[in-house]
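# Examining the three-dimensional arrangement
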Amino acid sequence: MNNQNNPNKPLKVPLIIFGIPFHNVSFETTLSWIKQTCKRRKSCLMATANLDFALMASHDPEMKHILLEADLCVADGMPIVWASGLLGPRLKERVTGSDLVPLIARMASKEGLRLFLLGGAEGVAEAAAKKLKKDNPKLEICGIISPANIDFLNINNADILAQLNASKPDILLVALGAPKQEKWIRMNLKSWNIPLAIGVGASFDFLAGIQKRSPKFLGAIGLEWIWRLGTAPKRLAKRYSKDLLFLVNHLLQLLTIRLSPKLRYVQNSKNKIVISEYNGVSLTLHSIHDTTEAEKEMSRLIKLSSHKHMVIYPENDGWLNSAELGILLYLSNKCRYQKKHMILIIRSKRMDRLIHLQKLNTYFDCVTQYDEAIDILASKLNDEIRIKEQDIWKF
């Protein structure tokens, strides 16, 4: 069933904003995705990312990698939503973790799904659980753990994992703060059979009344941060000033790149044919303007690739919008899953600078010539042959 016939099915193509992939979903679509994920029983990671996440990911390669491969990443901040309209299709709405948790509890109560709360200061998770149970009497909370506020590598993982595996929750809510919660989930994702783990930040504090939410009208106009700053100036002033500096600096760099000369790289198109000799296919990424076009374009490229290595040649020689970058990320992740390669042909200096600003050059194979793409594929083929030969000798 396609997305047009099923509006509650999240789009597969994320929008790359400030180097982070955000899925263009609403609260309703997110809850539908969570319900379906619990039914599939495949361990997934969901992130509720904001501007601070983008700042962290810009200098923390591990956090960047986690967010690039998250199964669902929602925009927990109005600056992300506002910026999306400048960089490509506009995000539908802000999906905040603190608003999402009560909705998850209500949905879980109706669907018979079990929640586990991990994190928060001593007593906070218990208070949050009481609030959720009070609002949803049929809700089953199968476990609560508040580990000491130490580095996640030093948390008593064995005991926590034993309790999680014994409790068998459907949804694990982790409130250890970013990036600790995302790194902890990623580290343990293959150690449990929990369908979904979500980093929820300060959500337990809000539910327990430790922190007060701003009036709804401030959140609606994107000024909730002013309320939070007023309630905890010492803790948040430095963070918000860094976030603002990152926002302004990133947008100025994007504008500078957008206005710079294209300085095209000239490719020898004859070498496109040679790619097929290495189980590869050369594909043109068409320019797109909205998420519906992005879905169609991604489906077209997947059909044409037929489980081969992909060499992607963008139609636009000077720029890639957030949806086009999202297609590249999706295809790259798909190729990794299939143990194939995706190589991006950079067509101009401007495009090269854009990819580097988003720090996607460390995640994609980026080249300026087809010859370079062929060299990568040849190296890949040699590695595969070498591995097969080693297996033969082992036998």
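Preceding this paragraph is the structure being described.
Residues numbered from 1 in each chain as written. Predicted model: local features only at pLDDT ≥ 70, side-chain atom pairs only at ≥ 80, totals over all residues. Heavy atoms only, no water.

### Thoughts on the sheet that holds strand S10 (residues 309-314)
- Ordered in space as S9-S10-S11-S12, the 4 strands form an open sheet in which the pairing is parallel. Strands with a single pairing partner mark the edges of an open sheet, and in this sheet they are strand S9 (280-285) and strand S12 (365-367). Each neighbouring strand pair of the sheet contributes to a mean axis angle of 25°, computed without reference to strand direction.
- As paired elements, S9 and S10 share 6 bridges and run parallel to each other. Residue pairing across strands places Val-281 opposite Met-310, the latter belonging to S10.
- Helix-sheet contacts for helix H14 (residues 291-305) involve S9 and S10, and the interaxial angle to S9 is about 160°.
- Contacts between helix H15 (residues 322-337) and the sheet are confined to S9, S10 and strand S11 (342-345), with S11 contributing the most and set at about 150° to the helix. (Pairing = 2+ DSSP bridges. Helix = DSSP H or I, 4+ residues; strand = E, 2+ residues; numbered from the N terminus. Axes fitted to C-alpha atoms, helices over the stretch in contact; angles between N-to-C directions. Contact = heavy atoms within 4.5 Å.)

### A short note on the packing of helix H7 (residues 157-167) against helix H8 (residues 180-188)
- The N-to-C vectors of H7 and H8 enclose an angle of 70°; their axes lie 13 Å apart at closest approach. When the interaxial angle is binned, H7 and H8 end up roughly perpendicular. Where H7 approaches H8, its residues Asn-157, Ile-160, Leu-161 and Leu-164 are matched on the opposing element by Trp-184, Met-187 and Asn-188.
- For the contact of H7 with H8, a count of residues per class yields 5 nonpolar, 2 polar and no charged. (Parallel < 35°, antiparallel > 145°, perpendicular 65-115°, else oblique. Nonpolar A, V, L, I, M, F, W, Y, C, P; charged D, E, K, R; others polar.)

### Describing the nonpolar core
- If you look at the biggest cluster of nonpolar residues, it comprises 78 residues, and the most contacted ones within it are Leu-172, Trp-184 and Trp-192.
- No other element matches the 7 residues that H15 contributes to this core.
- Among residues more than four places away in sequence, those in contact with Leu-172 are Phe-116, Leu-118, Leu-164, Trp-184, Trp-192, Ile-194, Leu-196, Ala-197 and Ile-198.
- Among the nonpolar cores identified, the runner-up in size contains 35 residues, and Leu-72, Ile-104, Ala-108 and Leu-113 belong to it. (Core = buried A, V, L, I, M, F, W, Y, C linked by side-chain atoms within 4.5 Å. Buried < 20%, exposed > 50% of the residue type's maximum accessible area, 1.4 Å probe, protein only.)

### Topic: unusual backbone geometry
- A cis amide bond, omega 5°, links Ala-178 with the succeeding residue Pro-179.
- Its place among the elements puts Pro-179 in the loop between strand S7 (171-175) and H8.
- Positive phi values are uncommon outside glycine, yet Leu-263 reaches one of about 45°.
- Along the chain, the position of Leu-263 falls in the loop between helix H12 (233-259) and helix H13 (272-275).
- Judged by its relative accessible area of 57%, Leu-263 falls in the exposed class.
- One non-glycine residue, Lys-359, lies in the positive phi region at around 60°.
- Note on placement: Lys-359 falls in the loop between helix H16 (349-357) and S12.
- Judged by relative accessible area, which is 37%, Lys-359 ranks as partly exposed.

### Let's talk about the packing of aromatic side chains
- Scanning the entire structure with this criterion turns up 4 aromatic pairs.
- Centroid distance Phe-18 to Phe-246: 6.0 Å. Interplanar angle 65°. Geometry classified as edge-to-face. Of this pair, Phe-18 sits in the loop between strand S1 (15-17) and strand S2 (20-22) while Phe-246 sits in helix H12, placing them 228 residues apart in sequence.
- Owing to a relative accessible area of 3%, Phe-18 belongs among the buried residues under this scheme. (Phe/Tyr/Trp six-rings, centres within 6.5 Å; stacked < 30°, edge-to-face > 60°.)

### Some points on the side chain of Thr-48
- On the secondary structure map, Thr-48 appears in strand S3 (residues 44-49).
- At 3.1 Å, the side chain of Thr-48 forms a polar contact with the backbone oxygen of Gly-199. (Polar contact = N/O pair within 3.5 Å; in protein donor to acceptor, adjacent residues only side chain to side chain.)

### A short note on the sheet that holds strand S5 (residues 114-119)
- Taken together, 6 strands build an open sheet; the order of strands is S4-S3-S8-S7-S5-S6 and the sheet is parallel. Every interior strand has two partners, whereas the edge strands, strand S4 (72-75) and strand S6 (140-145), have only one. Sheet twist, expressed as the average angle between the axes of neighbouring strands with direction ignored, equals 20°.
- Across 4 bridges, the pairing between S3 and strand S8 (residues 196-199) is parallel. In the strand pairing of S8, Met-46 is matched with Ile-198.

### Notes on empty space enclosed by the protein
- Counting across every chain of the model gives 1 cavity of 30 Å³ or more.
- Space inside the largest cavity adds up to approximately 50 Å³.
- Considering the residues around the largest cavity, the lining is formed by Ile-16, Leu-87, Leu-254, Trp-319, Leu-320, Asn-321, Ser-322, Leu-325, Leu-354 and Gln-358.
- In terms of residue class, the lining of the largest cavity is built from 7 nonpolar, 3 polar and no charged. (1 Å grid on protein atoms, 1.4 Å probe; cavity = no way out; pocket = protein on both sides within 12 Å on 5 of 7 lines; lining within 4 Å. Points joined across faces, edges and corners; volume = space filled by probe spheres on them.)

Honestly, that's just the spatial picture; any functional story needs more than this.
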